[in-house]
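One letter stands for each residue in the lines below.
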Amino acid sequence: MMPWQPTTIAGPKQARVANPESVIRMLKKAKRPLFIIGPVIICDEGCDETVCHKAKIRSSCMDIAKEWDIPVVTVGHAFKSFLKEGFDTEPMGIIEIVNLLKDPEWKGLRGEGQHDLVLFIGVTYYIASQGLSTLKHFAQHLVTVTLCKFFHPNADASFPNMSDKKWLKYLEKLKISLRILNQEINTIRRV
Amino acid sequence: MMPWQPTTIAGPKQARVANPESVIRMLKKAKRPLFIIGPVIICDEGCDETVCHKAKIRSSCMDIAKEWDIPVVTVGHAFKSFLKEGFDTEPMGIIEIVNLLKDPEWKGLRGEGQHDLVLFIGVTYYIASQGLSTLKHFAQHLVTVTLCKFFHPNADASFPNMSDKKWLKYLEKLKISLRILNQEINTIRRV
Amino acid sequence: MTLKGIKELQNEIWMIKNLKANFGELRLNRNWDEPMGPTSKPNVTDLRAWDFKLLSRFEPFYAPFCDMCCMCTFGKCDLLGKKGACGINADAQQARTFLLSCCIGTAAHTAHAHHLLKHLIEKKGENFPIDLGMNIDIEAPIMRTVIGEKPGKLGDFRKVLDYCEEQLTYLLSATHTGQEGNILDFESKTFHAGMIDELSKEVCDISQIAAYGMPKGEEDVPLIELGLGVVDKEKPVILCIGHNVAPGAEIVDYTNDKGLYNEVEVCGICCSAIDISRRDKNAKIIGPLSKQLEFIRSGIADVIVVDEQCIRTDVLEEALKNNSTVIVTTDNACYGLPDRTNEDADKTVSDLIERRIDGALILDAEKVGEIAVKTALRISKDRRNIKILPDLKEVTKYAEDCIKCRMCERTCPNSFPVFDAIQDAGEGQFSKLLEVYEICYSCGKCEESCKADLPLVSMLTKVGGHYLKNQNYRIRQGRGPIQDVEIRKVGRPIVFGEIPGIIAFVGCTNYPKGGEEIAKMAEEFLKRNYIVVATGCSAMSIGEYKDKEGITLYEKYEDVFGAGGLVNLGSCVSNAHVSGACIKIANIFAKKPLRANYEEIADYILNRIGACGVAFGAYSQKASAITAGINRWGIPAIVGPHGTKFKRLLLGRKDKKESWKVNDLRSGEVVEGEPSPEHLLYAAETKEEVIALIPKICIRVNDTPKGRQTKLTNYIDLHQKYIETFPNDLHLFVRNRNDIPITYRKQVTEFLESKGWKPKEAPFEPSLMDFKKEEGR
Amino acid sequence: MTLKGIKELQNEIWMIKNLKANFGELRLNRNWDEPMGPTSKPNVTDLRAWDFKLLSRFEPFYAPFCDMCCMCTFGKCDLLGKKGACGINADAQQARTFLLSCCIGTAAHTAHAHHLLKHLIEKKGENFPIDLGMNIDIEAPIMRTVIGEKPGKLGDFRKVLDYCEEQLTYLLSATHTGQEGNILDFESKTFHAGMIDELSKEVCDISQIAAYGMPKGEEDVPLIELGLGVVDKEKPVILCIGHNVAPGAEIVDYTNDKGLYNEVEVCGICCSAIDISRRDKNAKIIGPLSKQLEFIRSGIADVIVVDEQCIRTDVLEEALKNNSTVIVTTDNACYGLPDRTNEDADKTVSDLIERRIDGALILDAEKVGEIAVKTALRISKDRRNIKILPDLKEVTKYAEDCIKCRMCERTCPNSFPVFDAIQDAGEGQFSKLLEVYEICYSCGKCEESCKADLPLVSMLTKVGGHYLKNQNYRIRQGRGPIQDVEIRKVGRPIVFGEIPGIIAFVGCTNYPKGGEEIAKMAEEFLKRNYIVVATGCSAMSIGEYKDKEGITLYEKYEDVFGAGGLVNLGSCVSNAHVSGACIKIANIFAKKPLRANYEEIADYILNRIGACGVAFGAYSQKASAITAGINRWGIPAIVGPHGTKFKRLLLGRKDKKESWKVNDLRSGEVVEGEPSPEHLLYAAETKEEVIALIPKICIRVNDTPKGRQTKLTNYIDLHQKYIETFPNDLHLFVRNRNDIPITYRKQVTEFLESKGWKPKEAPFEPSLMDFKKEEGR
Ligand code: SF4
Ligand code: SF4
Ligand code: SF4
Ligand code: SF4
Ligand code: SF4
Ligand code: SF4
Ligand code: SF4
Ligand code: SF4
């Protein structure tokens, strides 16, 4: 698949094309996932979900994080938009968090150990691409997955290039699958 | 498809993966095709078709050229092997012929005008890749097709990476299809 | 020759040598009794120990732009988890390409300095004095610190450039396949390249200031006209593009000499524009790099004079489309044009006018002056009809042909919504296209990739030209170095932290969302009493913004190097005065000897001077060299999101306490430090991130409690304003209760408690330098 | 100072200056009454007219290695059919990257020359005379032609390097984003870089010859031991890798001084090896670049001394695996090692031995000598068990783990059949692996990409070591420049074409099928009375081949610069003597003035001297600079198939008659020429193609009929032998019947008829130079 910005192609290795199902599989395997959310999905007008596509995306992201209890880092100036929704995230710079992620010794956002899977969404395409490249080369200990509507060859797995509509569908599907999975797990636990 | 030498990937544009049928279609459209054959398919021991895979490939190439009356340039030191079979080709350096091909004013091997389609086979992979890159960038007037068993991203169309067996099958198929096509055309002409 | 003859001759030589040596000393160091320090003309590895100290705090961060290396015929090599055929691995390869980038950047500045110096020496003589006036004694702080000498006359700069070129050759050599292999050594060399770049810039700016009589750091220099709308299209228009002032200066001199300055419009793009206006305040500035293609496409320029650096390489092709004439003036960019340096000027003018030649290479700046003016005067009438007003119907017609491939949007470096805008334009709606116009930097990628071959940049230009006819702004004339007297005033409040920081907005226009963001950043800090200085394209971007009252920041804020002052230092080479000012603070205020004393000065700056550079739109190799140069002095820099494509940053880790230890030179003890500055080179994604980061990155270990309070207040304020939350690392910057800002006392105290904060002692004399060995040990 | 005082002082200065100037002239040009020519110290554009002439015949051919450009933060830009954001297009981008490559290569040679010169001046003094003995008057033909001066003493080279570094800075600057935009101007700059490279190489080699007492061009220099098998593993072994002779020379000097030369084996890889053996003929040469990783892996070296260029960047990592000690010696490659330059030598030795440090950076060559020898003497015993004989069972065991991913074969630059060989090895069959070993250049790519992590290079090394225990060859000592007396002898037959050509086998080991092909090519031409010279890795490759009688070509063919002679000129910097010899032919035989007379000399060489360079395995940036350097002199070069990855060739079009016109300076008429030499830089796919091309590319317009016959005979012979057909362009090289080779009279005559050939006049004085304007016009 051609990268969204065609020249971000970096070499023979390309991301696998991901879909909600494959992301679920990766999340299930991961012990300490992390979610990085950037300013591109933030509506600068501050609209709400009823009218605004970006707000819908944001809302799906929050749900996904909550469902699977994934700690969230907001980069750029994405923090405030989540705060308004009463959703607590850790504000950082994208470069700052990538730098921490590449250090195998870092203890992770929750101090429980370095993360092993990182979801990205909404980070400015080319800076994300550079950060993913850093992780691809220098962070063998983790898997990177992008949930943008843009194909990111530097990730390990990436959603394909797609329309807004399909993107929202993918995220909704991810959310619902996680919910079901959660219920299953809870059922098992209860048993 | 990953190039045979993985790093020959040069940018977002990649060759279409070709098969005998698509090559036929391109040949049908072309007015002045050319066939460039390199030393990689030449058996240095000089074996014949009954025992030697390379000799079989060479034989298919000769048949293809004859069927469709395509002038042949042999590069490297490929000339002599064809001469032995009584098949006349024009010996040149690969760089020499590529240099001529990129000039829209060149009159072509038969003096009838610049070629519009070039088939490559048996040129050393990386020098072929460089030559194909030259033509991709600087010869908008022609289409390049590689018939090697190695995928060549810098061509416009290329056979995929494949086994010796499949390769020979592809070439045989090409030959036979051309023969049939020829018969059809002759039939029409006669009518 | 007899043996005796030879002996005599040898004696003579010996005498001459000695005499010369003494004499050289004498001239160069008149009135300079400071003893020579340890680092005169440092060789590649001489400051390696200092560099390694910086690098142990600020570790290189690499973001490969490509997994492969294609630098030699063993390649391409895929370095993703593998070594190349030469043994190199991905991180070293990144370090290597960054060093290469810095070498190219440094070469650009050094070559520029050398070209200009040769011209000036030819014009004014070797012995033309370097005199920056009564208020500047320390005329060349970088040269003094690095070379250990000071310039008396133009000719003295020659040996500085010789040194630069020698070092540059060594550095470039190290990028050859099969040389350096270690990232730290690559980075040390990168710093070295940066330092050479600093020297070259200083040589360049000081010599042009001296020889062309540009402002010598005086406060309150005049305002210059800026903007696409300031040019009188009715007159013959000469456009200068690039960085080397010489041809442009000769053009304005020629018009002035011939009494033609009312007949011809001389304007410029990029640094040439700034520097020409430092020579002649009537010259006009079109704008920064981002306006280049647009303005050429507009057809307004009759003659385009190109010098060097940051010129679109297709100027000739684009100019020919509009029948503009092109004159190229240096060996850096000759465009294949015929060399008319030694041809009769009038002959060349007529050849140009009759279109017998597409343009001319003229390597004699004075001749350029004459030919450009004469040509412009004669061709402008014929070109009248080209400078027509834009027709929007044409734009709509083009837009209707869009085949909706979306490649415009996909190849736009900033993913600007060109696609949507074109759809609207197809229906006669231009507001979106206008929005794109305002933030677009006319790189032309959308147009190049358009599958329907729409002339997208021209369409943008037409829409912009239609709606924004009078783009008329103001910028200060570039005033060059900071005067010693100003340094004396601000030295103390800066070192103590009471002026919360010096922010230098520098570099190019590879902005993520248009130039206005630079102005808005500048304004935020001007309001808060930071010292804001600017150079090059960023200085222009600041000028291209008007507040609600319709005035520019240059008009609104005083031209002083003091709290709340906004100073345009000049062109890119004037960046030398940013570190120059810091060096002078160390020397004038703190009395640190600067002569050949690099490490001590840099150590002082790193630990005590809250300065930082912001190159939000850094794009070229020069920009990479500039950041390396200021970084080695201990000055941090922030680049924009595209800055990640330099592939290398220098990041501190505030969570790693050990890396922030400092030596307290007073007590002789190693003490706990602070993550300040937190990074040496950081890339921020958005303007908001930059604004929230600046106050923090201006914190220095040496701040007084009062100073620290001011800095923390700004940090909290701006973090709350732009990120909308309290900064969660604040505890790292509070040494003891005295540091807590009064206005935020309660909030901070609570926060500190939540973090289990404990007070610590501030070192008296924080330093990364080794403790001096006691005598006899 | 009083006014009078100043005045006096000024007078004094003036006097000194003049005195100095006169004196300088005096010294530099003693006995040189040749008047100064037109091109002294040419600036970037000064030879542009000459370059454009060459480029109109030999057009640039670009083969992009990548469609994108990633040089600035506007990128990456896709240039396939599009311009980049800076306006550049694909061909200019290729020209730019080739210029950049040449700048890097030139920087490597210039930095090398400067490093070495500094060391030699420190050792021998500024005034150490440049004296190449009785038989060489023209000691520095390149310097004489380019600078217009000749060197009297070591110190005179300083100003040459200053000039080189200044020009290099300009050239590098032009590669900056937004500078040059035209391919012809890029190519002219590339030639300029090549010329600077030539100067630097000459400075380097002449100064080392003079200062280290290396052979001064004498014929019949001694034979040197060469090969992986020549080292006595029982002794302490010091291995020198790189190009800068200084540390190696100090090592052999130290062993000689201390009477240790029987105790320690000093050997080398790449050019350092050649140059150390020029200093001391007992030093041993392991082999070219291709043996580097293999030999390090073998563990034989106790101490590895690295200087600069062509060193694997992972030497330290690889050395540590075998407990070898690494000493780095220049600022080009420091590998992050601690700087022990100013440390007590014995302290460093013990730190190395106790492994307190992984290796050391020692920037003082003499100290390197001492430390390397002392360390080797002390650690070699402990390392005995590492130098064990290879165990093939281990190889089989590894091979069994192959998972058949075939990545080894796919990433091998030459697609060597590693995969098949490993399959066989897994079954205990090693013949295929041995075959690969013999042509492999140990780049390590197969190993790096192996999905089963097999140590493929070590496996190859073990198999090779097992079967080829005594790789013991001979090479001539490098003898430096060609003596004037030899030039006198061969000048005439070369210019007349009776000696059919001078072939220089130069450059690195990026061969498509192993080094033996070089030797076989050399042999073919030696048999045919060509003059064959060699340098660097190619000189070693020629030595690494024995004929059926078991002797090397160096033993078989005379060491004379004459028909059928084989001369090892020396290391890569000795390449300067190839053009040097051509310049001397023009000057000594044809009496062309050479002082600052570039264009006329180059024009003479292009049209009259049938020389060509063959860099079949050219790999590095230096190689690109070397080709550019000889090309500007009018000497064509052939590179191997990997040479296409330099991305740029210079090809003539024999079918375009107009491009071959020449000015006959005697008759004053423009006359029809010939496509000779046909190309300036050509890449050949196979050795057969090279062999068939060489005799043709040695044809020159000026050949006498007799000379031409000889050349054509060789052309027909070799074309028939290697391509197995009559050359179908022969008619282009037959001017009239006198040119037809007697042995092929019938065949040629028939062929000419078939081509409708017509005789033409040969020009008397063929030239590309403009006709001199008559006086008064
Ligand atoms: S420089 Fe090294 S990594 Fe780059 S192409 Fe050459 S061998 Fe490969
Ligand atoms: S010209 Fe403007 S809109 Fe077009 S790609 Fe460049 S920045 Fe984007
Ligand atoms: S690139 Fe051109 S054709 Fe494609 S969507 Fe954009 S404007 Fe339309
Ligand atoms: S490094 Fe740049 S030029 Fe080289 S392959 Fe990668 S993208 Fe292309
Ligand atoms: S140098 Fe030019 S082509 Fe290369 S990345 Fe920068 S803008 Fe694009
Ligand atoms: S080490 Fe030898 S076999 Fe392996 S990839 Fe390199 S050349 Fe090929
Ligand atoms: S790369 Fe390794 S595993 Fe793959 S085929 Fe070659 S030897 Fe076997
Ligand atoms: S010939 Fe090439 S590889 Fe060998 S030493 Fe010289 S530059 Fe290096």
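Residues numbered from 1 in each chain as written. Chains lettered and ligands numbered in written order. Predicted model: local features only at pLDDT ≥ 70, side-chain atom pairs only at ≥ 80, totals over all residues. Heavy atoms only, no water.

## Here's the deal with the overall build of chain C
Step number 1: Looking only at helices and strands, one finds 28 helices and 21 strands in chain C.
Step number 2: For chain C, whose C-alpha radius of gyration is 27 Å, the value lies close to the compact-globule estimate of 28 Å for 777 residues.
Step number 3: Principal axes of the C-alpha set define a box for chain C whose edges measure 90 × 80 × 60 Å.
Step number 4: Sequence separation of at least 24 residues holds for 77% of the intrachain contacts in chain C that already meet a minimum separation of 6.
Step number 5: As displayed, chain C offers around 24,900 Å² of accessible surface, 48% of which is attributable to carbon and sulfur atoms.
Step number 6: Positive and negative charge centroids in chain C, built from 103 and 111 side chains respectively, lie 2 Å apart. (Helix = DSSP H or I, 4+ residues; strand = E, 2+ residues; numbered from the N terminus. Rg over C-alpha atoms; globule rule 2.2 N^0.38 Å. Contact = heavy atoms within 4.5 Å. Areas by Shrake-Rupley, 256 points an atom, 1.4 Å probe, with all protein chains shown as cover. Lys, Arg positive; Asp, Glu negative; His and termini not counted. Charge placed at Lys NZ, Arg CZ, Asp CG, Glu CD.)

## Regarding the interface of chain A and chain D
Step number 1: Each partner contributes to the interface: chain A provides four residues, whereas chain D provides four residues.
Step number 2: A combined buried area of about 270 Å² lies between chain A and chain D, and 59% of that area is made up of carbon and sulfur atoms.
Step number 3: The interface formed by chain A and chain D contains zero salt bridges.
Step number 4: Linking chain A with chain D are two residue pairs in polar contact (both at pLDDT 80 or more), by the criterion used here.
Step number 5: Here the side of chain A that touches chain D is composed, by residue class, of two nonpolar, two polar and no charged. (Buried area = accessible area lost by both parts, 1.4 Å probe. Salt bridge = Lys/Arg side-chain N within 4 Å of Asp/Glu carboxyl O. Polar contact = N/O pair within 3.5 Å; in protein donor to acceptor, adjacent residues only side chain to side chain. Nonpolar A, V, L, I, M, F, W, Y, C, P; charged D, E, K, R; others polar.)

## A short note on the pairing of strand β8 (residues 303-306) of chain D
Residues and elements named next belong to chain D.
Step number 1: On β8, burial covers both faces: Val303 and Val305 on one face and Ile304 and Val306 on the other are all buried.
Step number 2: In this sheet, β8 lies alongside strand β5 (residues 237-241) in parallel orientation, the contact comprising four bridges. Following the sheet pairing, Ile241 is matched in β8 by Val306.
Step number 3: Bridge analysis of β8 against strand β9 (residues 325-328) gives four bridges, and the strand direction is parallel. Note that in β9 the partner of Val303 across the bridge is Thr325.
Step number 4: As a crossover connection, the stretch from β8 through helix α10 (residues 315-321) into β9 is right-handed. (Buried < 20%, exposed > 50% of the residue type's maximum accessible area, 1.4 Å probe, protein only. Pairing = 2+ DSSP bridges. Right-handed = clockwise from strand over helix to strand, strands pointing away.)

## Some thoughts on the packing of helix α2 (residues 48-57) of chain D against helix α24 (residues 598-608) of chain D
All names here are of chain D.
Step number 1: Interaxial distance between α2 and α24 falls to 11 Å at its minimum, and their mutual angle equals 25 degrees. Judged on the interaxial angle alone, α24 and α2 are roughly parallel. Contacts between α2 and α24 involve Trp50, Lys53, Leu54 and Arg57 on the former and, on the latter, Tyr598, Glu599, Ala602, Asp603 and Leu606.
Step number 2: Residues that form the contact of α2 with α24 fall into these classes: five nonpolar, no polar and four charged. (Axes fitted to C-alpha atoms, helices over the stretch in contact; angles between N-to-C directions. Parallel < 35°, antiparallel > 145°, perpendicular 65-115°, else oblique.)

## Digging into unusual backbone geometry
Step number 1: Between C:Gly75 and C:Lys76 the backbone carries a cis peptide bond, its omega angle lying at -10 degrees.
Step number 2: In this fold, C:Lys76 is placed in the loop between β2 (68-69) and β3 (77-78).
Step number 3: A cis geometry characterises the amide bond from D:Ser676 onward to D:Pro677, with omega recorded as -10 degrees.
Step number 4: With respect to the secondary-structure elements, D:Pro677 resides in the loop between β19 (669-671) and β20 (681-683).

## A word on the site of ligand 4
Step number 1: Around ligand 4, the neighbouring residues are C:Cys66, C:Met68, C:Cys70, C:Lys76, D:Cys66, D:Met68, D:Cys70 and D:Lys76.
Step number 2: More than one chain lines the surroundings of ligand 4; the residues nearby belong to chains C and D.
Step number 3: A breakdown of the residues in the shell around ligand 4 according to their chemical character gives six nonpolar, no polar and two charged. (Near = heavy atom within 4 Å.)

## Regarding the confidence of the model for chain C
Where the model shows low pLDDT, its predicted coordinates should not be examined in detail.
Residue and element names in this part refer to chain C.
Step number 1: Summarising the model, chain C shows a mean pLDDT of 93, and 95% of its residues fall at 70 or more.
Step number 2: The low-confidence segment residues 1-29 (pLDDT under 50) makes 25 contacts with residues lying over four places distant or belonging to another chain.
Step number 3: Listed scores for the predicted complex are pTM 0.96 and ipTM 0.96. (pLDDT = per-residue confidence, 0-100.)

## Some thoughts on the domain arrangement of chain C
All names here are of chain C.
Step number 1: Taken domain by domain, chain C consists of domain 1 (26-212), domain 2 (228-383), domain 3 (392-454) and domain 4 (473-767).
Step number 2: The C-alpha-based centres of domain 2 and domain 4 are spaced at 38 Å.
Step number 3: Tallying the contact residues gives 18 residues for domain 2 and 19 residues for domain 4.
Step number 4: Of the roughly 1,400 Å² buried between domain 2 and domain 4 on both sides combined, carbon and sulfur atoms contribute 64%.
Step number 5: When the area that domain 2 buries against domain 4 is broken down by residue, the three leading residues are Ile274, Arg278 and Pro288, summing to 39%.
Step number 6: Viewed at the interface, domain 4 and domain 2 are joined by one salt bridge.
Step number 7: Here Glu544 ties to Lys291 by a salt bridge, and the two come within 3.9 Å at their closest N and O atoms. (Domains from an automatic or database assignment.)

## So, the packing of aromatic side chains
Step number 1: One pass over the full model with this rule turns up 26 aromatic pairs over all chains.
Step number 2: Centroid distance C:Phe58 to C:Trp660: 5.8 Å. Interplanar angle 75 degrees. Geometry classified as edge-to-face. Linking C:Phe58 in the loop between α2 (48-57) and β1 (59-62) with C:Trp660 in the loop between β17 (648-651) and β18 (662-664), this pair joins segments that are 602 residues apart in sequence. C:Trp660 shares its class with C:Phe58; the two are buried.
Step number 3: One aromatic cluster is present, built from ring pairs that chain together A:Trp4, A:Tyr125 and A:Phe150. (Phe/Tyr/Trp six-rings, centres within 6.5 Å; stacked < 30°, edge-to-face > 60°.)

## Here we look at the side chain of C:Glu202
Step number 1: Counting through the fold element by element, C:Glu202 comes out in helix α6 (residues 183-212).
Step number 2: Sequence-distant contacts of C:Glu202, defined by excluding residues within four places in its chain, comprise C:Ala140, C:Pro141, C:Ile142, C:Met143, C:Ser207 and C:Ala576.

## A few points about the relation of the copies chain C and chain D
Step number 1: The two copies are related by a screw motion: chain C maps onto chain D through a turn of 180 degrees and a shift of 0.0 Å along the axis, at an RMSD of 0.0 Å. Read as a symmetry element, the transformation amounts to a two-fold axis. Proximity to the rotation axis, assessed at the C-alpha, singles out C:Glu165 in chain C; its C-alpha lies 2.7 Å from the axis.
Step number 2: Comparing interface residues between copies, 100% of those in chain C also sit at the interface in chain D, which points to an isologous, same-surface contact. (Least-squares fit on C-alpha atoms with pLDDT ≥ 70 in both.)

## Re the sheet that holds strand β4 (residues 90-91) of chain A
Residue and element names in this part refer to chain A.
Step number 1: Strand order in this open sheet of seven strands is β1-β7-β6-β5-β2-β3-β4, and the pairing throughout is parallel. The two strands at the open ends of the sheet, each matched to only one other strand, are β1 (16-17) and β4.
Step number 2: Here two bridges tie strand β6 (residues 143-146) to strand β7 (residues 157-158), and the two strands are oriented parallel to one another. Residue pairing across strands places Val145 opposite Ala157, the latter belonging to β7.
Step number 3: On top of the sheet, helix α2 (residues 53-68) reaches β2 (33-37), β3 (72-74) and β5 (117-121); it is set at about 165 degrees to β2, its chief contact.

## What to know about the nonpolar core
Step number 1: Counting 554 residues, the largest nonpolar core has A:Ile36, B:Ile36 and D:Phe561 as the members making the most contacts within it.
Step number 2: Once residues lying within four places of it in the same chain are set aside, the contact partners of A:Ile36 are A:Val73, A:Val75, A:Ile94, A:Ile97, A:Leu101, A:Val118, A:Leu119, A:Phe120, A:Ile121 and A:Val123. (Core = buried A, V, L, I, M, F, W, Y, C linked by side-chain atoms within 4.5 Å.)

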